[in-house]
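Spelled out from the first residue to the last, the chains are:
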Amino acid sequence: MRWDGISEFVYVADYESFTRAAKELGISTAQVSRQISALEKRLNIKLLYRTTRKVSLTEEGRVFYQHCRGVLDGLDAAEQAVSNLQSKPQGRIKLTAPVTYGEQQLLPLINDFMVQYRDIEVTAFLSNQKIDLIDGSYDLAIRIGKLSDSTMMAKKLSRRTNFVCAAPAYLEKYGIPHSLSDLSQHNCLLGTRDYWHFIEDGKIDSGKNADKEKNLRVSGSVQYNSGHSLVDAALKGLGIVQLPDYYVQKYLASGELVSLLNNYREPEESIWAIYPHNRHLSPKIRLLVDYLAEHLV
């Protein structure tokens, strides 16, 4: 009897919905409600606040949830470990990732991965919008930068660096900016935002100020929502651009672009694989995540 109502309670807490929990468990909403009511009565505590619009955890419910979540995750892991001892990874993986990073870095690696694991299928939806993983039934998402959603589990895969750069021809004609204030005198090639990221005062190695970031508003004659088009504009001497390393590295190496304001360069951004707390990583997903962590640069 100590297990009665535990799964129902955890699923309601995960989805903040009796209806969604019932659907995931394959039982009726009434049964979910009865099981949780019986659990509360047995424990002699109130676990959930219920209104017509919202379900939320009480303080006692939050404490109980953390322990129960861990127990269920452990049980899932034990069952998965036993059931997959003799099986090979197979089935479909559904993921989402940013458009350009997905096209240039991620999907080519996933294609290599699928050459090795022929029984795995992948559905990828590339979008620069934050997709709800649970509502969309996604197994995982690739995200770049700071993570804001604490309800997700995360594994760091790699990192990227943003470079400010321009073509030698542009710099010969208009001069080299040596400080952030100099950018106001230059044509800055814009992406979807009208500001760039920097370390304030160029103190990237100065201890307590090393993480002091600055968003600097810039302007210019070009604004594209395409990194490839911005690189092309910079190569043709139209102005200065700030873009991630995977757009500009080969041109920096060849000298077709020159890196600028290096002392003001912001810290590297992390690239993450995230997945829901309530979704145990199956062998095929763990295999893909580990593969990406090993091969992404």
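Rules used in this analysis
- Residues numbered from 1 in each chain as written.
- Predicted model: local features only at pLDDT ≥ 70, side-chain atom pairs only at ≥ 80, totals over all residues.
- Heavy atoms only, no water.
- Domains from an automatic or database assignment.
- Pairing = 2+ DSSP bridges.
- Helix = DSSP H or I, 4+ residues; strand = E, 2+ residues; numbered from the N terminus.
- Right-handed = clockwise from strand over helix to strand, strands pointing away.
- Axes fitted to C-alpha atoms, helices over the stretch in contact; angles between N-to-C directions.
- Parallel < 35°, antiparallel > 145°, perpendicular 65-115°, else oblique.
- Contact = heavy atoms within 4.5 Å.
- Nonpolar A, V, L, I, M, F, W, Y, C, P; charged D, E, K, R; others polar.
- Phe/Tyr/Trp six-rings, centres within 6.5 Å; stacked < 30°, edge-to-face > 60°.
- Buried < 20%, exposed > 50% of the residue type's maximum accessible area, 1.4 Å probe, protein only.
- Lys NZ or Arg CZ within 6 Å of the ring centre and 35° of its normal.
- Salt bridge = Lys/Arg side-chain N within 4 Å of Asp/Glu carboxyl O.

Colleague: An account of the domain arrangement of the protein chain is needed here, citing residue identities and associated values.
Modeller: Here the protein chain is partitioned into domain 1 (6-66), domain 2 (91-160 + 270-295) and domain 3 (162-267). Computed over C-alpha atoms only, the centres of domain 1 and domain 2 are separated by 30 Å.

Colleague: Explain the pairing of strand β4 (residues 120-126) to me, using residue names and the numbers behind them.
Modeller: Here strand β3 (residues 91-97) pairs with β4 via 7 bridges, running parallel. Opposite Gly-91, over in β4, you have Ile-120 as the bridge partner. Following the backbone out of β3, through helix α5 (residues 99-116) and into the adjacent parallel β4, one traces a crossover that is right-handed.

Colleague: If you had to explain the packing of helix α2 (residues 18-25) against helix α3 (residues 29-43) to someone new, which residues and values would you point to?
Modeller: Between α2 and α3, the shortest axis-to-axis distance is 8 Å and the interhelical angle comes to 105°. By the angle between their axes, α2 is roughly perpendicular relative to α3. Packed against α2, whose contacting residues are Phe-18, Thr-19 and Ala-22, the element α3 presents Thr-29, Val-32, Ser-33 and Ile-36 at the interface. Of the residues in the contact of α2 with α3, the class split is 4 nonpolar, 3 polar and no charged.

Colleague: I'd like a description of the packing of aromatic side chains, backed by residues and values.
Modeller: Applying the stated criterion to the full structure yields 7 aromatic pairs. Measuring from centroid to centroid gives 4.9 Å for Phe-113 and Tyr-117, while their planes differ by 40°, and the two rings are tilted. Tyr-117 gets classed as partly exposed once you look at its relative accessible area, which sits at 26%. The structure contains a cluster of three or more aromatic residues connected by ring pairs, namely Tyr-101, Tyr-246 and Tyr-247. Directly above the ring of Tyr-138 sits Lys-94, whose terminal nitrogen or CZ lies 4.5 Å from the centroid.

Colleague: Let's hear about the pattern of salt bridges: which residues, and what values?
Modeller: The final tally for this structure, using the stated rule, is 10 salt bridges. For the salt bridge of Asp-232 with Lys-236, the shortest nitrogen-to-oxygen distance reads 3.0 Å. Among the residues examined, Lys-236 registers a relative accessible area of 60% and is labelled exposed. Three or more residues joined by partner-sharing salt bridges are found here, namely Asp-14, Arg-69 and Asp-73.

Colleague: I'd like a description of the environment of Val-248, backed by residues and values.
Modeller: Mapping Val-248 onto the fold places it in helix α8 (residues 245-254). Val-248 sits in the buried class, given a relative accessible area of 0%. Residues Val-248 and Asn-225, 23 residues apart in the sequence, show an inter-C-alpha distance of 16 Å. Excluding residues that lie within four positions of it along the chain, Val-248 makes contacts with Phe-163, Cys-165, Val-231, Leu-243 and Leu-257.

Colleague: Got a sec to walk through helix α1 (residues 6-15)? Specific residues and values, please.
Modeller: Most of α1 is tucked away, with 8 of its 10 residues classed as buried. Within α1 the residues assigned to the buried category are Ile-6, Glu-8, Phe-9, Val-10, Val-12, Ala-13, Asp-14 and Tyr-15. Backbone geometry just after α1 places Glu-16 at a positive phi near 55°.

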